[in-house]
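Coordinate analysis (summary)
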Amino acid sequence: MKKFKWLVPTIYIIFLMLPIYWLLNMSFKTTTEIINTYTLWPQEFTLDNYKKIFTDSTWYTGYLNSIYYVVLNTIISVAAALPAAYAFSRYKFLGDKHLFFWLLTNRMAPPAVFALPFFQFYSSVNLFDTHVAVALSHCLFNIPLAVWILEGFMSSVPKELDETAYVDGYSFWKFFFKIFIPTITAGIGITMFFCFMFSWVELLLAKTLTAVAAKPIAATMTRTASTSGYELGLLAAAGSLTIIPGAIVIYFVRNYIAKGFALGRV
Amino acid sequence: MNKTVNQKAWFFVIPVFVLVAFNAIIPLMTVVNYAFQETFGNNQFMWEGTRWFKQILISERFHAALGRQVLFTLIILAIQIPLGIFIALNMPKEGLGVPICLVLMSMPLLIPWNVVGAMWNIFALPDIGFLGHSLNALGFDYNFTQQSGDAWFTTILMDVWHWTSLVVLLSYAGLRSIQPAYYQAAEIDGATRWAVFRHIELPKMKKVLTIAILLRFMDSFMIYTEPFVLTGGGPGNATAFLSIDLVKMALGQFDLGPAAAMSLIYFFIVLTVCWVFYNLMMRNESNS
C-alpha cells in the first residue's frame, strides 16, 4: 500500500496537465490542421500563432494592460491593508469585529451583481476604460483578502516586539517600517501573490470596465472567439501565454505557499 | 493575544474602509435603487415597492436557476473536499517531490478564468478535443454542446480540475503542522490507518477544512466566467447557473428591476451561509 503512495499525486498531476498540454498542442498547429484532423501532437509545427500575437498591437497591448492594472491593484491593496491589518491584530476598537466581517462580505459578493452598477458608477466619475478603474474595482475583493492574510501573519508576531521598540525610543512609524515590516516579509510576499492571482484571473469586472484603452488580454481573447470565426490556434496561443506570469510567480513563492496556508488564512 | 483598547486604531483602518466603501456601498445602493423602482432612463424613477422581489421569488426561471446552482455547489463540495484530502494524505512529505507537487498543482489556480473555460472547450470538443475524441472512441455518445448531461459532466470535471488543488494545498498545510510524535504514539498503540486519520489528522485539519469549504462554497456559488465560456449556459438553459442567468437578465434583456431584485436575493443567500460558517470558524478558533 505504502509503495504505491506516489501514484495518487502522479495521476492527479497528469490529469491537471492534460488540458494544458492540449492547449499548447493546439497553439503550435495551423488552423487547417486543427479543423481537418485529430492529432496528438502538431504535424506541421508552426510558430505563426505566437508571431501574430507578438506583432499585432491589439494582442500584445492586452497583456500590457492586464499586467499594468494587476500590479497597480496589488500595490494599492497591500499598501492600504498593511496599517489596517496591524490595527486589527493589535487593538480593540469600536466596531472592529463588525468591520472585519463587513470587509469579508465583499469577498463574498458575486461579481455578476456588481457588473452593471460598476459600469454606471465608473462612467459617472469619468474613469471608464482606464487601468485605474479596474485596479480600484479589484480592491473590492483583494483588500479584504489582503487584510485577512496579513492579520494572520501579524498576530503570530509577539506583541513584546512592539513594546521593546517603544522602550528603545522608536517612534511608531519608524518601528513600523524599520522593524515590523521586515519581520513579516514572508506574509507580505504571500499576500502579494494572492492579490496578483485574483486580479489576474478575474475577467467579468475587468471586461465590463474597459473598452479599448485598458482592455485586458482575456477580453481580447473573447473577441476572437466570437467575431472573427473560430481561430482556435490563435486562441490557444494567447491562452498559453496567459499561463506564464502565474507560473513565474508560483515558482518564486513556492516555499512560502505552504507556510502561508499553514496559518490558516487565505 | 490580548489586545489593548485604542480607538485611534480607526485611523489605520480608514484607507481600507474608504477604498472598499467606494466600491461596495455606492454600487450596492444603485442596485437597491433599481430593485424598488421602475426606470425609463434619463434618471426618471417610479416607486415599485416590493413588486420585483415578489416577481422573482415566484418566478419559475429563478427557482430553476437556484436549483441548478445549489445542485452544482453540492456536487462540487462532495467531490472536491474528500478528493483534496485524499490527495494531500498521499503527497510526499520531504524531498524534491514537495516543490514539484506544489508548483504543478498550483498551476490551474493561476490561469485566467476565461482561459480555463476556453481550454476546456478545446479539450472537450467531440471531434478535435482530447477528452471528447477519446470518450467517443471508447463508445460513449459524448457531445457537451448538445446534451445537457454531458454539459454538466464537463462543467463539473472542469471545476474539479480548476479548484481541487486549493483543497489539496490547504489540507497539506494542515497535515504538515502535525508533529511526528503523534504518529509515533499512534504506532505504539497499534492504531489502524483509519484511526490515525479519524483521531489525529482530521482534527488537525478542521480549521483549514472549514476555510476550504467556505471558499469553495463562495466561489462555486458565484461561478460565472468558466461555464459561460465553456457552454454559454447551454444547451438551452441546462448550465445557466445563478450568475449567468443574472447577467443575461441585466445586460442581455436589460430587465433592470427584476435583475436588481434578484441580485439582492442572491447576495443575501451567500451572505447568510457565510455568516453561519464564519461564526463556526471563529468558535473553533477561540476553542483551540
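The structure presented is a predicted model; accordingly, all values stated were derived computationally and were not measured. (Residues numbered from 1 in each chain as written. Chains lettered and ligands numbered in written order. Predicted model: local features only at pLDDT ≥ 70, side-chain atom pairs only at ≥ 80, totals over all residues.)

Considering the overall build of chain A
Defined as follows: Helix and strand definitions follow DSSP, with helices as H or I runs of at least four residues and strands as E runs of at least two, each counted in order from the N terminus. Throughout, a pair of residues is in contact if the C-beta atoms placed from their backbones lie within 7 Å.
Helices and strands together make up the secondary structure of chain A, namely 13 helices and 1 strand. What you see in chain A, going N to C, is helices and strands ordered as α-α-α-α-β-α-α-α-α-α-α-α-α-α. The C-alpha extent of chain A, read off along each of the three principal axes, is 75 × 65 × 30 Å. The long-range fraction of contacts in chain A, counting pairs at least 24 apart against all pairs at least 6 apart in sequence, stands at 79%.

Things to note about the overall build of chain B
If you tally the helices and strands in chain B, you get 12 helices and 3 strands. When its C-alpha atoms are laid out on the principal axes, chain B stretches across 75 × 70 × 30 Å. Nonlocal contacts in chain B, meaning residues at least 24 apart in sequence, comprise 70% of its contacts between residues at least 6 apart.

Details of the interface of chain A and chain B
Selection criterion: Residue polarity follows a fixed list, in which Ala, Val, Leu, Ile, Met, Phe, Trp, Tyr, Cys and Pro are nonpolar, Asp, Glu, Lys and Arg are charged, and the others, Gly among them, are polar. Paired strands are those between which DSSP finds at least two bridges.
In this assembly, 80 residues from chain A lie in contact with 76 residues from chain B. No other element matches the 16 residues that helix 13 (residues 232–262) of chain A contributes to the side of chain A that touches chain B. Taken together, the residues of the side of chain A that touches chain B break down into 65 nonpolar, 10 polar and 5 charged. The sheet contact formed by strand 1 (residues 91–92) of chain A and strand 1 (residues 4–5) of chain B spans 2 bridges and is parallel.

Details of the domain arrangement of chain B
How big an interface is tends to be expressed through the accessible area that disappears when the partners come together. All names here are of chain B. Where we set the bar: Each domain's extent was defined by an automatic or database domain assignment.
Domain boundaries in chain B define domain 1 (1–49) and domain 2 (60–287). The distance between the C-alpha centroids of domain 1 and domain 2 comes to 30 Å. Between domain 1 and domain 2, the residue contacts involve 6 residues of the former and 6 residues of the latter. Looking at the side of domain 1 that touches domain 2, the elements that each hand over two or more residues are helix 1 (10–36) and strand 2 (37–39). If you tally residues by element for the side of domain 1 that touches domain 2, the top one is helix 1, at 3 residues. Of the residues in the side of domain 1 that touches domain 2, the class split is 3 nonpolar, 1 polar and 2 charged.

With respect to helix 7 (residues 131–155) of chain A
Residues and elements named next belong to chain A. Our working definition: Expected span of a helix, by definition, is 1.5 Å for each gap between consecutive residues, and there is one gap fewer than residues. A residue's bend is given by the angle between axes fitted to the 7 residues ending at it and the 7 residues starting at it. Neighbour density around each residue's C-beta defines its exposure: 20 or more other C-beta atoms within 10 Å make it buried, 12 or fewer make it exposed, and counts between make it partly exposed, where C-beta atoms are placed from the backbone.
Between its first and last C-alpha, helix 7 extends 34 Å over 25 residues, near the 36 Å set by a 1.5 Å rise per residue. Of all the bends in helix 7, the largest measures some 50° and sits at Leu140, one to four residues before the proline Pro144. Summarising burial for helix 7: 23 of the 25 residues are buried, a large majority.

Topic: the packing of helix 7 of chain A against helix 1 of chain B
Keep this limit in mind: Every axis corresponds to a line fitted to the C-alpha atoms, with the helix fit spanning only the stretch in contact, and the corresponding angles, defined between N-to-C directions, vary from 0 to 180 degrees. The scheme is simple: roughly parallel for angles under 35 degrees, roughly antiparallel for over 145, roughly perpendicular for 65 to 115, oblique for anything else. Crossing handedness is defined as follows: a turn of the near helix away from the far one that is anticlockwise and smaller than a right angle gives a left-handed crossing, while the clockwise case is right-handed.
Where helix 7 of chain A contacts helix 1 of chain B, the axes come no closer than 8 Å and their chain directions differ by 135°. One element, helix 7 of chain A, and the other, helix 1 of chain B, form an angle in the oblique class. Viewed along their axes, helix 7 of chain A and helix 1 of chain B form a crossing whose handedness is left-handed. Contact with helix 7 of chain A, carried on its side by A:Leu136, A:Ser137, A:Cys139, A:Leu140, A:Ile143, A:Pro144 and A:Val147, involves B:Val16, B:Leu19, B:Val20, B:Asn23 and B:Ala24 of helix 1 of chain B and no other residues of that element.

A closer look at the domain arrangement of chain A
Residues and elements named next belong to chain A. Under the domain assignment, chain A is made up of domain 1 (1–46) and domain 2 (55–262). For domain 1 and domain 2, the distance between their C-alpha centroids amounts to 31 Å. In this complex, domain 1 contributes 8 residues to the contact, which on the side of domain 2 involves 7 residues. Among the secondary structure elements, those contributing two or more residues to the side of domain 1 that touches domain 2 are helix 1 (7–27) and helix 2 (31–36). When residues of the side of domain 1 that touches domain 2 are assigned to their parent elements, the largest contribution, 4 residues, is made by helix 1. When the residues that make up the side of domain 1 that touches domain 2 are grouped by side-chain class, the tally is 4 nonpolar, 3 polar and 1 charged.

A look at the nonpolar core
To keep it simple, the criterion reads: In this description, a nonpolar core means buried residues of the types Ala, Val, Leu, Ile, Met, Phe, Trp, Tyr and Cys, linked to one another by C-beta atoms lying within 7 Å.
Ranked by size, the top nonpolar core spans 151 residues in total, and within it A:Ala81, A:Ala84, A:Val147 and B:Ile122 carry the most contacts. Once residues lying within four places of it in the same chain are set aside, the contact partners of A:Ala84 are A:Val147, B:Phe12, B:Val13, B:Pro15 and B:Val16.

Some remarks on the environment of B:Val196
All names here are of chain B. Here Val196 shows up in helix 9 (residues 193–221). For Val196, a count of 17 C-beta atoms within 10 Å gives the class partly exposed. Taking C-alpha positions, Val196 is 7.6 Å from Tyr183, a pair spaced 13 residues apart along the chain. Once residues within four sequence positions are removed from consideration, Val196 is found in contact with Ala186, Ala191 and Glu201.

As for the packing of helix 5 (residues 96–108) of chain A against helix 7 of chain A
All names here are of chain A. For the pair helix 5 and helix 7, the least separation of the axes is 8 Å and the interaxial angle reads 130°. Comparing their axes, helix 7 and helix 5 come out oblique. The two elements helix 5 and helix 7 meet at a crossing, and its hand is left-handed. Here Leu103, Leu104, Asn106 and Arg107 of helix 5 come into contact with helix 7, specifically with Leu140, Phe141, Pro144, Leu145, Val147 and Trp148. For the contact of helix 5 with helix 7, a count of residues per class yields 8 nonpolar, 1 polar and 1 charged.

A short note on helix 4 (residues 57–90) of chain A
For helix 4 of chain A, with 34 residues, the first-to-last C-alpha span of 49 Å sits near the 50 Å given by 1.5 Å per residue. Of all the bends in helix 4 of chain A, the greatest, near 30°, is centred on A:Leu82, and the proline A:Pro83 appears no more than four residues after it.

With respect to the confidence of the model for chain A
Heads up, the rule is: pLDDT is defined as a per-residue confidence score from the predictor, taking values between 0 and 100.
Summarising the model, chain A shows a mean pLDDT of 84, and 92% of its residues fall at 70 or more. Element-level mean pLDDT values for chain A span from 68 in helix 12 (residues 217–226) of chain A up to 92 in helix 1 of chain A.

Structural notes on unusual backbone geometry
Residues and elements named next belong to chain A. Phi at Asn126 is positive, roughly 60°, even though this residue is not glycine. For Asn126, a count of 9 C-beta atoms within 10 Å corresponds to the exposed category. Despite not being glycine, Asp129 shows a phi value in the positive range, around 65°. Counting through the fold element by element, Asp129 comes out in the loop between helix 6 (111–124) and helix 7. Under the C-beta neighbour-count criterion, Asp129 is labelled partly exposed, with 16 such atoms within 10 Å.

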